[in-house]
There are 2 protein chains.
Amino acid sequence: MTSNFQRIVLAMICLLVTIGSSTNAQDLYATQRQGWLKKAEALKPALTETVKHPKGIVKLEKDPAAFQGWKAVPAGGIEQLYNASFDKRNSGIVVDFGEHLTGYCTFSLKTRRADMDAPLRLKLTFGEIPSELATPFDPYPGSLSRAWLQDETVTVSVLPATIIIPRRVAFRYVKIEWLGASRGFEFGFSDIQFKAVTSVTVTPPALAASTPDIIKDIDRVGLTTLKECMQTVYEDGPKRDRRLWIGDLYLEALANTYSFKNDSLTKRCLYLLAALSNPDGILNSNVFEAPEPHAQKSRLLDYCYLYNVALKEYVIATGDKQTGLDLWPVAKKQLDIARQYAGADGMMDYVKAGKEWWVFFDWKDGLDKQAPLQGSTIYALNQTYQLAKLLGKENEIADVPALSKKLKDAARKNLYDKTSGLFVSGTNKQASYGGQAWMVLSGVATKAEAQKALRTIVTHKDAVKPGGPYMYHYFVAALIETGMHAEAKTALTDYWGGMVNKGADTFWEVYDPADELRSPYNFYPMNSYCHAWSCTPVYFIRKYPEIFQR
Amino acid sequence: MTSNFQRIVLAMICLLVTIGSSTNAQDLYATQRQGWLKKAEALKPALTETVKHPKGIVKLEKDPAAFQGWKAVPAGGIEQLYNASFDKRNSGIVVDFGEHLTGYCTFSLKTRRADMDAPLRLKLTFGEIPSELATPFDPYPGSLSRAWLQDETVTVSVLPATIIIPRRVAFRYVKIEWLGASRGFEFGFSDIQFKAVTSVTVTPPALAASTPDIIKDIDRVGLTTLKECMQTVYEDGPKRDRRLWIGDLYLEALANTYSFKNDSLTKRCLYLLAALSNPDGILNSNVFEAPEPHAQKSRLLDYCYLYNVALKEYVIATGDKQTGLDLWPVAKKQLDIARQYAGADGMMDYVKAGKEWWVFFDWKDGLDKQAPLQGSTIYALNQTYQLAKLLGKENEIADVPALSKKLKDAARKNLYDKTSGLFVSGTNKQASYGGQAWMVLSGVATKAEAQKALRTIVTHKDAVKPGGPYMYHYFVAALIETGMHAEAKTALTDYWGGMVNKGADTFWEVYDPADELRSPYNFYPMNSYCHAWSCTPVYFIRKYPEIFQR
């Protein structure tokens, strides 16, 4: 062959290899992805905007009995701010808007004496709870970006002025500090208002009159939490992280189904996650909307499973099988995770998975993941098979029933401690609320075993308790699943009622009754105090009125 | 009379009294003021906008030999900023734009690795000279508003982003600090640029080839200073106070006449000050343009005098007698100040004036005002009479020649110390540069006396030196007035050359060679380092080429 001919042949071989590999491995959803994204964008809701005004002034007071040691005491009307000059003496004044809001703050200033002869500077700090405004932010000890904290400094050069704080904030209280002005004039606030946004437009029906007051309060706080988080996607928390995560979506959608019934938001989020999944078909755990929709390249194992459950719940709630069929390839693909780590003995290789994945389950250091992973895998297999049956796709995952049974048998054999009646996890045989919950929800435990395990864990000396409301959801769900209605009601009332009794306007991302300053981020003001994964009491209360509304 | 009749009569009397008093005292310029304001606004110049790019990076280094102990050392090109991620490690980087600029900064950021998953925060601090960026601003010890200092904090929530710093800044160097970001991604600068503004559009002719280099440098620095201060009015300083003061106007207009020749800006400012004067006809010392033109209600005695001189200089420079006639009533009225405080003995009651007025002359604690006030009063009377003659208005101030002579005779009698050959001021017989200058400019001193006084003061042990460039102008003017050309050249070269040799890009508001940290505001970063009242070397150099350009 001539050298030119050789070159041509070589080039063609390279081209064919490239085409071949790209067809096989380039994008599992190559033909669907753009369509999914368009559908998601077409479902983007308009946000309702409501102008809110301050309810009054509060004083922050230390109080060991108050949540995180600080409380807000009413200290008169907002006219105190409007009727006085603002200077060093009333610097630090705290304005209370009376409810948790998400949106954009505008304030107006005017000259009150003489003429402005120098710029002035203010700092506005927005806080969801009182302690956020009473805790110095610097030196900053936290692990996440310092810029999440909602303190904004504004220089004003001309009066009168109307200033819009450009960043969206989530808060109830705003502290206003005087950072500098000339002594040659006086100025003051003529107005401070807030444009609150949400995509929620409906009011759910009231609960039954027989509902205990604490349950009514829990429902109210849960609805506010969900409303604040329902923006153009289901956000995890409007202060932080302000975006769509699969696990939060799953719980928010459950609560939504029984309250605001904004199914199109659920549909949008399911399509968005699918559209922004990885080329290999595995989902990313969270996505950004701005500047254009894109994913954080971050895979979280248990969230991949929960996508399937969320899709199934959506199809059941709406009857929208078309969407189910459209997104079925994604749900099907996530099950490869189960197949990948299921050992020949039927036990999930949780050690290997933990090295290769972010395996979450809970903000809890030291939580052993073996039992939660085993249980949630079985659960995901089962739930996905149920979805397949709804859609007539069982034949595409024909191996699942057997795989599920194999994992279940292995769990019963390896993780059940007959003596204690608890399901244990890992080499140290850890007993956790999460482990029990997943063994129950997955159907590994019989009803009797489940009841025994759930009763035993709450008095078990070394029990690893939930790190926060997210895990508590699964625990309460397990109690209900197993018919322990009184215990479910007590758990919900104790835990979420605990937040309510500590003054929560919205439910918190993290709540440990024994340690109010707990933070996964090494700085509790960084915690989100309006986190949608904490709002599932709305789901429980409204789905099971026979348990909770009497 | 019936009681009704009595009421009517009483009401009519009140009405008449009100009309009478309002006609007499309400507004001396009632019929002209609106027209003056309209003329001023019609003369508002368009600003030229020029996009500027960084020249490179500098490192700030301590150096006792440098001005205020800090110098900026070139440290490579701007690509260091654009080609690297920005994080804690390069926080504090200083970008050099290579020249003093006034205007608006825009910077662009982009993601460099992974995805933005949290807001980031930066602080940009703009400085005119290196020490501004090396001196901590807090705890803030200064007397003026902390918000004058040009540090702006920006929170960015979405990338890529182009951020415009909203406030106008004046600077050469900008320090960029990293205040917080997530560890999950990297970002960097893709661009930083500056929209520089001025109302100057022309380049003045070059100086004679025979001009000494130091004089060329002084001229260049002076022209830059003036260009930076010529905005929609003659500003005193573009960092601070950013507005029109009479004294600065007077000196800037002198320099402008011999350089940029933007006479319409001078005309605008003269009309604006007139329009915003007090109802009793006395001028306010400074005015604001925003939100609508209005005065600071602040009277400064010597500045009222200087308005007249500025008006006279304008009419001579332009031949625009119409404006002279239009504003003549204002000039005429300022002379009432002289009449009010002139004692029967011909001495100005400087003590009473000092209690009832801000009597300025110089940023110099302890400067005795008697001689400056006496001299500047005579000077103002003389200059205003010259203006009157140009306009055919001598008859309206027919008392002025005699008054001026009376004050002059009194000054010679009371303030001249034959033994020392100095003019003295106040009960302690203080000898100051300012006192000598005003005695010379007013013509109180004969030529021989003037030369002797000006020679003697510079070696006089207890001489009160000028506090800054503003007073130095009058000193140099007095040297020129009295024919001491060599001394004028030396004074200009020494003083303003001192700033040039210390690296000044623009001339400073305050400069004391013996105390580089002097500040009237208790914090030298607050000083303006581009102050137009320091730019009069441009006037001297270009008006007197025979002295300065050889």
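For clarity, every value in this text was computed on a predicted model and none was experimentally measured.

Rules behind the numbers
Residues numbered from 1 in each chain as written. Chains lettered and ligands numbered in written order. Predicted model: local features only at pLDDT ≥ 70, side-chain atom pairs only at ≥ 80, totals over all residues. Heavy atoms only, no water. UniProt positions renumbered as here; feature names shortened; annotations may be inferred. Helix = DSSP H or I, 4+ residues; strand = E, 2+ residues; numbered from the N terminus. Buried < 20%, exposed > 50% of the residue type's maximum accessible area, 1.4 Å probe, protein only. Contact = heavy atoms within 4.5 Å. Least-squares fit on C-alpha atoms with pLDDT ≥ 70 in both. Phe/Tyr/Trp six-rings, centres within 6.5 Å; stacked < 30°, edge-to-face > 60°. Disulfide = S-S within 2.5 Å. Pairing = 2+ DSSP bridges. Salt bridge = Lys/Arg side-chain N within 4 Å of Asp/Glu carboxyl O. Polar contact = N/O pair within 3.5 Å; in protein donor to acceptor, adjacent residues only side chain to side chain.

What to know about the UniProt feature "domain: Glycosyl hydrolase family 78 alpha-rhamnosidase N-terminal" (unreviewed entry) in chain A
Per the UniProt entry, the sites bearing "domain: Glycosyl hydrolase family 78 alpha-rhamnosidase N-terminal" (unreviewed entry) are residues 54–196 of chain A in this numbering. A helix fraction of 6% and a strand fraction of 52% characterise residues 54–196 of chain A, whose end C-alpha atoms lie 12 Å from each other.

Considering helix α14 (residues 447–457) of chain A
The α-helix advances 3.6 residues per turn, and as a result positions three or four apart in sequence lie on the same side. Within α14(A) the residues assigned to the buried category are E449(A), A450(A), Q451(A), A453(A), L454(A), T456(A) and I457(A). Structurally, α14(A) contributes buried residues whose contacts are with α12 (400–415), β13 (416–417), β14 (422–423), α13 (433–441) and α15 (469–481) of chain A.

A short note on the relation of the copies chain A and chain B
Overlay of chain A on chain B (RMSD 0.1 Å): rotation 180 degrees, translation along the axis 0.1 Å. The transformation relating the two chain copies, once decomposed into turn and shift, fits a two-fold axis. Among all C-alpha atoms of chain A, that of T153(A) lies closest to the rotation axis, at 3.3 Å. The share of interface residues of chain A whose copies in chain B are also at the interface is 100%, consistent with both copies meeting through the same surface.

Quick notes on the packing of aromatic side chains
Residue and element names in this part refer to chain A. Enumeration according to the criterion identifies 82 aromatic pairs over all chains in this entry. Taking the centre distance of 6.2 Å and the plane angle of 65 degrees together, the rings of F361 and W438 count as edge-to-face. One end of the pair, F361, is in the loop between α10 (350–356) and α11 (370–391); the other, W438, is in helix α13, and 77 residues separate them in sequence. Looking at W438, the relative accessible area reads 3%, which means it is buried. Summarising the aromatic geometry, the rings of W508 and Y511 are spaced 5.4 Å apart at their centres and angled 75 degrees between planes, so their arrangement reads as edge-to-face.

Topic: the state of the cysteines
Residues and elements named next belong to chain A. For the structure shown, the criterion picks out 0 disulfides over all chains. For the unlinked cysteine C304, the closest cysteine sulfur is that of C269, found at 16 Å. The exposure class of C304 is buried, given its relative accessible area of 1%.

A short note on the sheet that holds strand β11 (residues 286–288) of chain B
Residues and elements named next belong to chain B. The sheet built from 3 strands is open, its strands ordered β10-β11-β12 with antiparallel pairing. In the strand order of this sheet, the two ends are held by β10 (244–245) and β12 (294–296), each with one partner. Both β11 and β12 contribute to a ladder of 3 bridges, which runs antiparallel. The residue bridging N286 from the neighbouring strand is Q296, located in β12.

Things to note about the pattern of salt bridges
Evaluated as defined, the whole model comprises 76 salt bridges over all chains. Note that K352(A) is salt-bridged to E356(A), the shortest N-O span being 3.4 Å. Of this pair, K352(A) and E356(A) are both found in helix α10, 4 residues apart, which corresponds to roughly one turn of the helix. For E356(A), a relative accessible area of 45% gives the class partly exposed. A salt bridge links E49(B) to K195(B); the nearest nitrogen and oxygen atoms lie 3.8 Å apart. One end of the pair, E49(B), is in strand β1 (residues 48–52); the other, K195(B), is in strand β9 (residues 186–198), with 146 residues separating them in the sequence. Its relative accessible area of 52% is what places E49(B) among the exposed residues. Via salt bridges that share partners, R121(A), D138(B), R146(B), D151(B), E152(B) and R167(B) belong to a single interconnected network.

Notes on the environment of E152(A)
By the element assignment, E152(A) lies in strand β6 (residues 151–156). When the C-alpha atoms of E152(A) and L272(A) are compared, they prove to be 32 Å apart, with 120 residues separating the residues in sequence. There is a polar contact of 2.8 Å between the side chain of E152(A) and the side chain of R167(A). Within the structure, E152(A) has its side chain in polar contact with the side chain of T155(B) (distance 2.9 Å).

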